[in-house]
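Coordinates in review
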Amino acid sequence: MLKSLFFSVLFSFLTITLFAQDNLIKNGQFVDGTNNWNVLLLDKNEPIKAHIEHSNVYKEYGLADNFVGTNFVELDQKSAIQQVIPTKKGEVYILFFAYAPRPNAGTKQLIVTAGQKAVYTTTLNNSDDKGVFTYKKVSFVATSDYTKIGFHAVSILSDADDKGILLTDILCNRSSVVDVNEIYLDKKF
């Protein structure tokens, strides 16, 4: 019991210190709204479709109740977010993020880019199930000293263009940083 508690504390400490100090993404949990993010809109006269959830009205977004108070941004086919981060040409970087579909939002495609290249694409089929965040880890090689990280949503055969994909917990660091998940998986208790 004491060994498990010690490892849990150590695991939390490593996660916080390793990822927080090396995270190249600013405001990846959207605690400060969309500050540090470039929000792109198809029609600048329409209200912004990237909104942040700071309260417990998670049910409006169709999220399971364990996401109460989670900050996130919602992207639909008319909006996208981008952030330019410092990188070193030729170095490998790891990008972590979490995404969730909104129920009855139609079929959507999430496209994640690093520089001019798509590094992750997935299609989220229409469903009436509660939204649950899926965590993803992708790697990319920087092609310059600055890399634009982008998140875009595309509607495919959808009648719910006002509903999109929810994003949170975005971080990026050099791949030389120890992956705490791999440390955890190697341990036996």
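Before any of the text, the structure's been laid out above.
To keep things clear, this report deals only with the structure shown in the data block.

About the cut-offs
- Residues numbered from 1 in each chain as written.
- Predicted model: local features only at pLDDT ≥ 70, side-chain atom pairs only at ≥ 80, totals over all residues.
- Heavy atoms only, no water.
- Helix = DSSP H or I, 4+ residues; strand = E, 2+ residues; numbered from the N terminus.
- Buried < 20%, exposed > 50% of the residue type's maximum accessible area, 1.4 Å probe, protein only.
- Pairing = 2+ DSSP bridges.
- Axes fitted to C-alpha atoms, helices over the stretch in contact; angles between N-to-C directions.
- Contact = heavy atoms within 4.5 Å.
- Core = buried A, V, L, I, M, F, W, Y, C linked by side-chain atoms within 4.5 Å.
- Salt bridge = Lys/Arg side-chain N within 4 Å of Asp/Glu carboxyl O.
- Phe/Tyr/Trp six-rings, centres within 6.5 Å; stacked < 30°, edge-to-face > 60°.
- 1 Å grid on protein atoms, 1.4 Å probe; cavity = no way out; pocket = protein on both sides within 12 Å on 5 of 7 lines; lining within 4 Å.
- Points joined across faces, edges and corners; volume = space filled by probe spheres on them.
- Nonpolar A, V, L, I, M, F, W, Y, C, P; charged D, E, K, R; others polar.

Notes on the environment of Lys-59
Along the chain, Lys-59 turns up in the loop between strand E1 (38–41) and strand E2 (73–75). Taking relative accessible area as the criterion, Lys-59 reaches 65% and is therefore assigned exposed. Residues Lys-59 and Gly-131 lie 72 residues apart in sequence; the distance between their C-alpha atoms is 9.6 Å.

Focus: the sheet that holds strand E9 (residues 165–174)
Strands sit in the order E2-E9-E4-E7 across an open sheet of 4 strands; the sheet is antiparallel. Both edges of this open sheet fall to E2 and strand E7 (134–141), since each of them pairs with a single strand only. The mean angle between the axes of side-by-side strands here comes to 35 degrees, regardless of whether they run parallel or antiparallel. Strand direction decides the pairing type here: E2 and E9, joined by 3 bridges, are antiparallel. When the bridges of E9 are listed, Leu-75 appears paired with Ile-165.

Let's talk about the environment of Asn-125
Mapped onto the secondary structure, Asn-125 falls in the loop between strand E6 (117–124) and E7. For the pair Asn-125 and Pro-101, spaced 24 residues apart in the sequence, the C-alpha separation amounts to 8.5 Å. Those residues in contact with Asn-125 that sit more than four places away from it in its chain are Gly-106 and Thr-107.

Considerations on the nonpolar core
Counting residues in hydrophobic clusters, the biggest one holds 27 residues, and the most contacted among them are Ile-81, Leu-95, Phe-97, Phe-151 and Ile-170. Among the elements of the structure, E2, strand E3 (79–86), strand E4 (92–101), strand E5 (107–114), E6, E7, strand E8 (146–156) and E9 are those that each provide at least two residues to this core. Other than its neighbours up to four places away in sequence, Phe-97 contacts Leu-110, Val-112, Tyr-120, Thr-134, Tyr-135, Lys-136, Val-138, Phe-151, Thr-168, Asp-169 and Ile-170. One finds Tyr-61, Leu-63, Phe-72 and Ala-100 within the second-largest nonpolar core, a separate group that totals 9 residues.

A word on the pattern of salt bridges
Tallied over the full model, the rule gives 2 salt bridges. Taking the shortest distance from any N to any O, the salt bridge between Glu-74 and Arg-102 comes out at 2.9 Å. Of the two residues, Glu-74 is situated in strand E2 and Arg-102 in the loop between E4 and E5; the sequence distance between them amounts to 28 residues. Of the two residues, Glu-74 and Arg-102, neither departs from the other in class, the shared state being buried. The salt bridge partner of Arg-174 is Glu-91, with a shortest N-O separation of 3.2 Å. Of this pair, Arg-174 sits in strand E9 while Glu-91 is found in the loop between E3 and E4, placing the two residues 83 residues apart along the sequence.

Here we look at the packing of aromatic side chains
Counted under the stated rule, the structure contains 8 aromatic pairs. On the numbers, 6.2 Å between centres and 35 degrees between planes, the contact of Phe-97 with Tyr-99 is tilted. Classification of Phe-97 as buried rests on a relative accessible area of 0%. Put simply, the rings of Phe-30, Trp-37, Phe-97, Tyr-99, Tyr-120 and Phe-151 pair up and form one aromatic cluster.

Observations regarding the layout of surface pockets
Estimates place the volume of the second largest pocket at around 160 Å³. Taken together, Ala-114, Gly-115, Gln-116, Lys-117, Ala-118, Val-119, Ser-139, Phe-140, Val-141, Ala-142, Thr-143 and Thr-147 form the lining of the second largest pocket. Where the lining of the second largest pocket is concerned, the elements lending two or more residues are E6 and E7. Residue composition of the lining of the second largest pocket, by class: 6 nonpolar, 5 polar and 1 charged.

Thoughts on the sheet that holds E3
Read from one edge of the open sheet, 5 strands run E1-E3-E8-E5-E6, paired in antiparallel fashion. Because the sheet does not close on itself, it has two edges, and the strands there are E1 and E6. This sheet shows a mean twist of 20 degrees between the axes of neighbouring strands, independent of strand direction. Relative to E8, E3 is paired through 7 bridges, and the arrangement is antiparallel. When the sheet's bridge partners are listed, Pro-86 is paired in E8 with Tyr-146.

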